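# Inside the fold
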Amino acid sequence: MHQFKVYTRWRPLSPGESTTLEIQRTHNLQDSGRVTIWLTPSSRSATERPWKSEAAFTQVFEATDNNKSVFEAAVAPTLPHVLSGQSCNFFAYGHSGSGKSHTIIGYDFENPDEFGLCLAAARHLSDKLAGFNRDIDNPIEELAIGIRMFELRKNIAFDLLNGRCQCYVREGHDGKTHIRGETELLEEGKVRVRPIITKACWSFEDLRQELLAGLKLRATGTSTIHDQSSRTHAVLELEIVTRALLEARDAVVQRQSELVPVGKLATDIYIEENTKGYIKDADGKYIPNPDYQIDQARIDAAEAKKAEFESYVQQAEGKVSDILNSSGHLCVGGKLVFVDLAGSEYYHDKTISTMPRPKQTPQEQQEGRQINTDLLALKEVIRARALKQARIPFRSSPLTMVLRDHFLGTNTPDSYSAMILTVSPSSEQFAATMNTLKYGSLVGVAGGEKKRVAR
């Protein structure tokens, strides 16, 4: 059964909030094994009222819990799934300034107790793979962690491990979502479009340095809360790979680039022959040209050449599948996906209208609306999957399109996804905190629907 758990993490008051009252809050474990949260505003007003959640949360982390505590409770139990080749997903959701990036990425890259979840997971996986590699003699089969890191703004992705180059989110003929970089024109008419780059890391220190380099390129902007908010969704993927797997994937890209000129020539020949083979009559209708006989043999030869090169692509793709399915280690292809969602925005929240806010440009306001659209789409995808609906609305936003394969990759027994809600205890953030918990409550209830339906 696919599990979708929802955790809540309270951050401490910031130094600038030292004189601010805290939201009164309690939580209780219910018979279902899930937690209910109650919120009470510190000062009653016409718009702030107590709120009680559904029994939707797996666990509540207090402000005194560090990143290590969150990792051990939420992420560490999933590592055996990853080491058996499965994919596990983690999302950090919350309003700007609530601690999402601190939880997923972390700010202290020297103290293991304060590593963000992605770095802590990488350290544990690196130790495991080092043990496996001691029994591997062939260098091409040695296990490493492949890291991919990009940020998503609308339908554009920025590859943070490749100079923040611009990539595009597209759905291919195979129905899968692809993130492709700029088109490269090669010799002999070949065209290569590379995917998001994968950096293979053979040690934890290599991975740590790659992560730090990528973080320096991440964009920030002004939100309704502060002026250094992450205004993009950051996606960080850790995949267990081998040199053989990476070489096979590169071969697919190469075969695809070889197919492009052959496929284009076949199309051009077909158009050329049919353009010569038909003319317009006096009524404007197309009729066979009596002075030209379509050279069907020429068209067939070009199509046969195209089919030949398509078979080369299929063979290359088949080799990738063979490596994943027949590797001596089940862990090859196992993934951890961490998503640091952009901060949710509440433009129409009258309860915080008196708070000083950084001024946003029209572009930043538009980005905020897109962020909210993405987050709503994500909630609907989670709900539809939990209810086993025939149609999952992955196409509702670029974010859910990008995450499609990660979600579908967890359709295995005991697969796992989790959302970590980061919330502020400040009374000035009562409405934003309540809205975050409402979102998480809906997701948590949806994630538990399978259990209800099974009864």
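Source: prediction; values computed, not measured.

Here we come to the overall build of the protein chain. The secondary structure content of the protein chain amounts to eleven helices and 17 strands. The buried share among the 455 residues of the protein chain stands at 48%. By sequence separation, contacts in the protein chain at least 24 residues apart represent 69% of the contacts at least 6 residues apart. In the structure as shown, the protein chain presents an accessible area of about 22,000 Å², 51% of it carried by carbon and sulfur atoms.

Located in the positive-phi region is R164, a residue other than glycine, with phi close to 60°. With respect to the helices and strands, R164 occurs in the loop between β8 (156-159) and β9 (165-171). For R164, a relative accessible area of 24% puts it in the partly exposed group.

Here we come to the pattern of salt bridges. Applying the stated criterion across every chain, the model contains 22 salt bridges. Between K276 and E272 there is a salt bridge; the shortest N-O distance is 3.2 Å. With K276 and E272 both in helix α6 (residues 243-277) and four residues apart, the pair spans about one turn of that helix. The salt bridge partner of K305 is E308, with a shortest N-O separation of 3.8 Å. Of this pair, K305 and E308 both sit in helix α7 (residues 296-326), three residues apart, which is roughly one turn of that helix.

Taking the UniProt record as the reference, the feature "binding site: ATP" (unreviewed entry) is found at G94, H95, S96, G97, S98, G99, K100 and S101. When you line up the elements, G97 lands in the loop between β6 (87-93) and α3 (100-104). Its location among the elements puts S98 in the loop between β6 and α3. For S98, a relative accessible area of 1% corresponds to the buried category. Beyond its immediate sequence surroundings of up to four residues, S98 is in contact with R11, T422 and V423. Within the local environment of S98, its side chain forms a polar contact with the backbone oxygen of H95, the two atoms lying 2.7 Å apart.

Right, let's talk about the side chain of H233 for a bit. Looking at where H233 falls in the secondary structure, it is placed in strand β13 (residues 233-242). In terms of polar contacts, H233 uses its side chain to reach the backbone amide nitrogen of A342, at 3.0 Å. If we ignore the near neighbours within four places in the chain, the residues touching H233 are F150, E151, L152, R218, D340, L341, A342, I371, D374, L375 and L399.

The next point concerns helix α4 (residues 117-133). Taking 1.5 Å as the rise per residue, α4 with 17 residues should run 24 Å; its terminal C-alpha atoms sit 24 Å apart, in good agreement. Within the sequence span of α4, burial applies to L117, C118, L119, A120, A121, A122, L125, S126, L129, G131 and N133.

At a closest axis distance of 9 Å, the pairing of α4 and helix α5 (residues 204-215) adopts a crossing angle of 160°. In terms of their interaxial angle, α4 and α5 are classed as roughly antiparallel. Along this stretch, α4 crosses α5, giving a crossing that reads as right-handed. Taken together, the residues of α5 that come into contact with α4 (itself represented by C118, L119, A122, R123 and S126) are F204, L207, R208 and L211. When its residues are assigned to classes, the contact of α4 with α5 shows six nonpolar, one polar and two charged.

On to the packing of α6 against α7. Where α6 contacts α7, the two axes come as close as 8 Å, and the packing angle between them is 165°. Judged on the interaxial angle alone, α7 and α6 are roughly antiparallel. Our pair here, α6 against α7, has a crossing hand that is left-handed. When the residues that make up the contact of α6 with α7 are grouped by side-chain class, the tally is 19 nonpolar, three polar and twelve charged.

Before going further, it helps to spend a moment on the pairing of strand β17 (residues 416-423). Judged by how many residues are buried, β17 sits mostly within the fold: eight of eight residues are covered. Here β17 shows two buried faces, one formed by Y416, A418, I420 and T422 and the other by S417, M419, L421 and V423. Where β6 meets β17, six bridges bridge the pair, whose relative direction is parallel. Looking at β17, one finds that F90 is bridged to A418.

Another point: the pairing of strand β7 (residues 143-153). Most of β7 is tucked away, with ten of its eleven residues classed as buried. Relative to β13, β7 runs antiparallel, the two sharing ten bridges. Bridge assignment links M149 to a residue of β13, and that residue is L236. Relative to strand β12 (residues 199-201), β7 is paired through three bridges, and the arrangement is antiparallel. Across the sheet, I145 pairs through a bridge with C201, a residue of β12. Where β7 meets β8, four bridges bridge the pair, whose relative direction is antiparallel. For F150, the partnering residue across the bridge sits in β8 and is D159. Taking the residues between adjacent antiparallel strands as the criterion, β7 and β8 are bridged by two residues, where K154 takes a positive phi near 55°.

Below, the discussion takes up α6. One full turn of an α-helix is made of 3.6 residues, so residues set three or four places apart face in the same direction. Helix length check: α6, at 35 residues, gives a terminal C-alpha distance of 51 Å against a target of 51 Å (1.5 Å per residue), a fit within 8%. Bending of α6 peaks at approximately 25° at the position of V260, with proline P261 no more than four residues after it.

Once that is clear, we can look at the sheet that holds strand β2 (residues 24-29). Spatial ordering of the open sheet is given by β2-β3-β4, a layout of three strands whose pairing is antiparallel. Pairing within the sheet leaves two strands with one partner each, and these edge strands are β2 and β4 (51-52). Pairing between strand β3 (residues 35-40) and β4: two bridges, direction antiparallel. Paired with W38 across the two strands is K52, which belongs to β4.

What counts and what doesn't
Residues numbered from 1 in each chain as written. Predicted model: local features only at pLDDT ≥ 70, side-chain atom pairs only at ≥ 80, totals over all residues. Heavy atoms only, no water. Helix = DSSP H or I, 4+ residues; strand = E, 2+ residues; numbered from the N terminus. Buried < 20%, exposed > 50% of the residue type's maximum accessible area, 1.4 Å probe, protein only. Contact = heavy atoms within 4.5 Å. Areas by Shrake-Rupley, 256 points an atom, 1.4 Å probe, with all protein chains shown as cover. Salt bridge = Lys/Arg side-chain N within 4 Å of Asp/Glu carboxyl O. UniProt positions renumbered as here; feature names shortened; annotations may be inferred. Polar contact = N/O pair within 3.5 Å; in protein donor to acceptor, adjacent residues only side chain to side chain. Expected span 1.5 Å × (residues − 1). Axes fitted to C-alpha atoms, helices over the stretch in contact; angles between N-to-C directions. Parallel < 35°, antiparallel > 145°, perpendicular 65-115°, else oblique. Left-handed = near helix turned anticlockwise from the far one by under 90°. Nonpolar A, V, L, I, M, F, W, Y, C, P; charged D, E, K, R; others polar. Pairing = 2+ DSSP bridges. Bend = angle between axes of the 7 residues up to and from the residue.

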